[in-house]
Each structure stands twice: as C-alpha cells, then as structure tokens.
Amino acid sequence: MADNLKNGRFHQHLRETFAPMVVRYVDLMESSIAQSIHKGFEKERWENKGRPPSPTESDSTRKKVDPVALARNGCATSEDLFWKLDALQSFIRDLHWPDHDFAKHLEQRLKLMACDMIESCITRTDQAYQNWLKKGTGFVSTDYVLPSEMCAMVNVILDAKNQSFKLCAVDGVDVHQYHTKIDDLIERTSTSMTQGMVAKLMSVLESVISKLGRYDEGSFIGSILSFTMRQNASGSGRDLGKAYVNFTRNSMDQIRQKVNDELWILNLFEQWYAAQVHFLCTWLSERLDHNLHPYQCTCLSHIVKLIYSDFTAYGLSPEQTGVQAYAVVSQRVEAEYQRLIHAGKVKE
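Residues numbered from 1 in each chain as written. Predicted model: local features only at pLDDT ≥ 70, side-chain atom pairs only at ≥ 80, totals over all residues. Heavy atoms only, no water.

- As recorded by an unreviewed UniProt entry, the chain carries the name MHD1 domain-containing protein and is attributed to Meganyctiphanes norvegica.

Right, dumping it as structure tokens:
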C-alpha cells in the first residue's frame, strides 16, 4: 500500500500526468496576462484604482488597510496585473509540487514572468507620463492644474515598487536578481518622473517671471508698461504674485490628495522649492546693477514670502527651506521693497 502513496507509483503517475497540464496552464496565463497589459494600456484612462484583496492577505490585514490609500494604488491595468501575478503564484505554490526540481523550475518561471510583466508595465506607464508632460507646452499660465492622470501614473510606479519584492523575490531573498533589476528600473523611472513634474511646474514660474522681465529698467516696453500701470490699466504685481501662489497651493493640494507616498511627495516638494528659489536668485543676480520696478517688486515680494511659509506648512523642514539662495532672494526683494516705500512708489 505504501508503494502507492507519497513518492510511490501512483503518486509518480499523477505527477507525470499533470505536470504537462501545469506547464500548459502557466504558458496560457503568461500569454493572457501579456495581452491584457497591451490592451489595457491602449485604452487606459489613468484613474486611481484600488485592487481586490490579495489571495495571500488575511482578513485581519484587509481590515487594517486604509480605504483612501487602497483607492490610490494605481490604474486599472496595473491593479489587474499585480492581482493576476499574485493569484497565479499563490495557485502554483499551493500545489506543493513534490518533485523538487520541477517545483524550482516553476518558481523561477513565475518570478521571471513577474519581472518581465512589471518591466512592461513600468515602461508603458513612463511612456504615457512623458506624453502627458508634453501637453500644453505652448501656453502655460497660473491657471494650470496638474492633471490627476499624471498622479495616477506616479502611483503605478510606486505600487510597482511595493509589489515587486513579493512577486520577484523567493521567500524574501532575491535569488535570481529579478527584483534588483526591477528596483533599478523603478528608481530611474521615479527619478525621471520627479524631474519631469518639477520642470512642468517650474514652467509656470518661468512664464510669470518672463512677464516681469518686460518691466526691466531701461527697456522700451518697460516705460510703456509703467505708464499703463500708473493709469491702473495693467493691474498690479501683487495680483500676479497672488495668482502664482494660488497655483502652487492648488498644485500641492492636488499632489497630496492624489499621490500615495509621503516620501515621494516630500522629495518632489523639496526639489520644486529649491528650483524656484534658485531660479529667482539667478534672475535677480542678472539685475544686480538695476533697480526693480514696483510691479516686479510687489509681485516677487508676495511670492517670496508665501512660498517659504507654504512649503514649510506642507511638510518641508526649516533646513530644507532655509537654503542660502533663499536668504539672498529674500534680502534683495526686501531691500528693493523698502527703497520703493521710501520713494513713495509702493504702499507699505
């Protein structure tokens, strides 16, 4: 009787019978998942989605998950992908295949599949992100609103980072170096996304500052604009400054509400803040030999004061906001503002 039980003749017969079926099933699932990635990203709407509970999650774990965070894991295609990969690996693992070599082969096959599928997901997401960055490059104003779709794309990459270790490593060990490969790709993509978003947000400040440049001392158009300003026909610099500050606040709110990783958000805010300060410092340094126009000064005064307080309120530490360049910008704008007050050109 014992000869027909574990590792016996009957057991061996079952393994020989079902092994080809398991291989065929894995082949079919790999093809199906690859097709779902291709078709899914072709029609992806880039809305933040949550995934169904993982097959490996306990009931107690599911109850602890923040429902708001769950709804911001990624897009529909990525959520479907990660769930399918996890479900397939759980199914094969639960077979408890007795043949050690065949079990290891299946395990490596599934980990390699996960690595390839996640790589494809990251690549397609990054391509879509780069296309969204190019939208509206011809005209950028303080009315610009950062698209929620771009935030969803960031979440896909962040979620891929969270999922890749479980799907690509074996029992917490990166045996085949698949996780290392994916993690490197994720880091490069995440860094590129951060830089792209900062550049997009900075284009609004560049647009604002280009308007201020028209008021430069000694320029022909500056004298015309000064006349229209005295006639109250061109508005005040404070209005432009307020419009830019509102843009930064709306953008920060959008990012905080839509992106699901606090560390990524703080890193983005730190780079964005530093880019603004250094841009303003460079612009002012180019005008060391010229006095600022009242329009320029009132606009910059409003921006410089509030971006410091706003970015501090949104989580940046005093060490991150108190960069040397900010002190240079703040002192120059304050000195110009006091000069204009004494000259009676602006009201205190």
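## Regarding the overall build of the chain
Argument step 1. From N to C terminus, the chain includes 13 helices and 0 strands.
Argument step 2. Along the chain, helices and strands appear, N-terminal first, in the series α-α-α-α-α-α-α-α-α-α-α-α-α.
Argument step 3. Every one of the 348 residues in the chain was classed for burial, and the buried ones make up 43%.
Argument step 4. Counted over contacts in the chain with a minimum sequence separation of 6, partners at least 24 positions apart contribute 82%.
Argument step 5. Accessible surface for the chain amounts to roughly 18,200 Å². Of this, 54% is attributable to carbon and sulfur atoms. (Helix = DSSP H or I, 4+ residues; strand = E, 2+ residues; numbered from the N terminus. Buried < 20%, exposed > 50% of the residue type's maximum accessible area, 1.4 Å probe, protein only. Contact = heavy atoms within 4.5 Å. Areas by Shrake-Rupley, 256 points an atom, 1.4 Å probe, with all protein chains shown as cover.)

## Topic: the pattern of salt bridges
Argument step 1. Taken as a whole and assessed by the stated rule, the structure comprises 16 salt bridges.
Argument step 2. Among the ionic pairs, arginine 287 bridges to glutamate 286, the shortest N-O distance being 3.4 Å.
Argument step 3. What makes arginine 287 buried here is its relative accessible area of 13%.
Argument step 4. With relative accessibility at 56%, the residue glutamate 286 sits in the exposed group.
Argument step 5. Note that glutamate 336 and arginine 332 form a salt bridge whose closest N and O atoms lie 3.2 Å from each other. Note that glutamate 336 and arginine 332 are positioned in helix H13 (residues 324–342) at a spacing of 4 residues, about one turn of the helix. (Salt bridge = Lys/Arg side-chain N within 4 Å of Asp/Glu carboxyl O.)

## Examining unusual backbone geometry
Argument step 1. For tryptophan 46, which is not glycine, the phi dihedral falls at a positive 55 degrees.
Argument step 2. Of note, tryptophan 46 is situated in the loop between helix H1 (9–42) and helix H2 (59–64).
Argument step 3. Backbone geometry at glutamine 177 places phi at a positive 65 degrees, although glycine is not the residue there.
Argument step 4. For glutamine 177, the location among the structural elements is in the loop between helix H6 (148–168) and helix H7 (178–213).

## Describing the packing of helix H5 (residues 100–133) against H7
Argument step 1. For the pair H5 and H7, the least separation of the axes is 10 Å and the interaxial angle reads 10 degrees. With respect to H7, the element H5 is oriented roughly parallel. Mapping the contact onto sequence places Gln108, Lys111, Leu112, Cys115, Ile118, Glu119, Ile122, Thr125, Asp126, Tyr129, Gln130 and Leu133 in H5 and Tyr178, Lys181, Ile182, Leu185, Ile186, Thr189, Ser192, Met193, Gly196, Met197 and Lys200 in H7.
Argument step 2. For the contact of H5 with H7, the class distribution of residues is 12 nonpolar, 6 polar and 5 charged. (Axes fitted to C-alpha atoms, helices over the stretch in contact; angles between N-to-C directions. Parallel < 35°, antiparallel > 145°, perpendicular 65-115°, else oblique. Nonpolar A, V, L, I, M, F, W, Y, C, P; charged D, E, K, R; others polar.)

## Here's the deal with the environment of valine 333
Argument step 1. Counting through the fold element by element, valine 333 comes out in helix H13.
Argument step 2. In this structure, the C-alpha to C-alpha distance between valine 333 and cysteine 299, residues 34 residues apart in sequence, is 9.9 Å.
Argument step 3. Setting aside residues no more than four positions away along its own chain, valine 333 makes contact with Leu284, Cys297, Leu300, Ser301 and Val304.

## Quick word on the packing of aromatic side chains
Argument step 1. Applying the stated criterion across every chain, the model contains 12 aromatic pairs.
Argument step 2. Ring centres 6.2 Å apart and planes at 75 degrees place the aromatic pair phenylalanine 247 and tryptophan 272 in the edge-to-face group. Placement of the pair is phenylalanine 247 in helix H9 (residues 237–258) and tryptophan 272 in helix H10 (residues 262–285), with a sequence separation of 25 residues. For the pair phenylalanine 247 and tryptophan 272, a shared accessibility class is recorded, and that class is buried.
Argument step 3. For the ring pair tyrosine 308 and tyrosine 326, a centre distance of 5.0 Å and an interplane angle of 25 degrees mean the geometry is stacked. Pair noted here: tyrosine 308 is in helix H11 (residues 294–313) and tyrosine 326 is in helix H13, with a separation of 18 residues, a long-range link.
Argument step 4. Site record: aromatic cluster; members linked through ring pairs are Tyr244, Phe247, Phe269, Trp272, Tyr273, Tyr308, Phe311, Tyr314 and Tyr326. (Phe/Tyr/Trp six-rings, centres within 6.5 Å; stacked < 30°, edge-to-face > 60°.)

## Observations concerning helix H4 (residues 76–94)
Argument step 1. Spanning 19 residues, H4 covers 27 Å between terminal C-alpha atoms, matching the ideal 27 Å at 1.5 Å per step.
Argument step 2. Those residues of H4 not exposed but buried are Thr77, Ser78, Glu79, Leu81, Phe82, Leu85, Asp86, Leu88, Gln89, Ser90 and Ile92. (Expected span 1.5 Å × (residues − 1).)

## Some thoughts on the packing of H6 against H7
Argument step 1. The contact between H6 and H7 brings their axes to 10 Å, and the two run at 165 degrees. On the basis of their axis angle, the class for H6 and H7 is roughly antiparallel. Relative to H7, H6 is oriented so that their crossing is left-handed. Along its contact with H6, which presents Met150, Met153, Val154, Ile157, Ala160, Lys161, Ser164, Phe165 and Cys168, the element H7 presents Tyr178, His179, Ile182, Asp183, Ile186, Glu187, Thr189, Ser190, Met193 and Met197.
Argument step 2. Tallied by class, residues from the contact of H6 with H7 come to 12 nonpolar, 4 polar and 3 charged. (Left-handed = near helix turned anticlockwise from the far one by under 90°.)

## What to know about the nonpolar core
Considering soluble globular proteins, one finds that nonpolar side chains tend to be buried as a cluster.
Argument step 1. Ranked by internal contacts, the top residues of the largest apolar core, which has 91 residues, are Met197, Phe269 and Trp272.
Argument step 2. Here the element with the most residues in this core is H7; it accounts for 14 residues.
Argument step 3. Setting aside residues up to four positions removed in sequence, methionine 197 forms contacts with Tyr129, Leu133, Leu146, Met150, Val154, Ile255, Trp264 and Leu268. (Core = buried A, V, L, I, M, F, W, Y, C linked by side-chain atoms within 4.5 Å.)

## Digging into the environment of arginine 15
Argument step 1. One can find arginine 15 in helix H1.
Argument step 2. Arginine 15 sits 87 residues away from phenylalanine 102 along the chain, and the two C-alpha atoms are 10.0 Å apart.

## Points about the state of the cysteines
Argument step 1. Counted according to the given criterion, the structure contains 0 disulfides.
Argument step 2. Take cysteine 121: it sits in no disulfide, and the sulfur closest to it among the cysteines is that of cysteine 75, at 6.2 Å.
Argument step 3. Cysteine 299 supplies the cysteine sulfur nearest to cysteine 297, a cysteine that is in no disulfide, at a spacing of 9.9 Å.
Argument step 4. The buried category is assigned to cysteine 297, whose relative accessible area is 0%. (Disulfide = S-S within 2.5 Å.)

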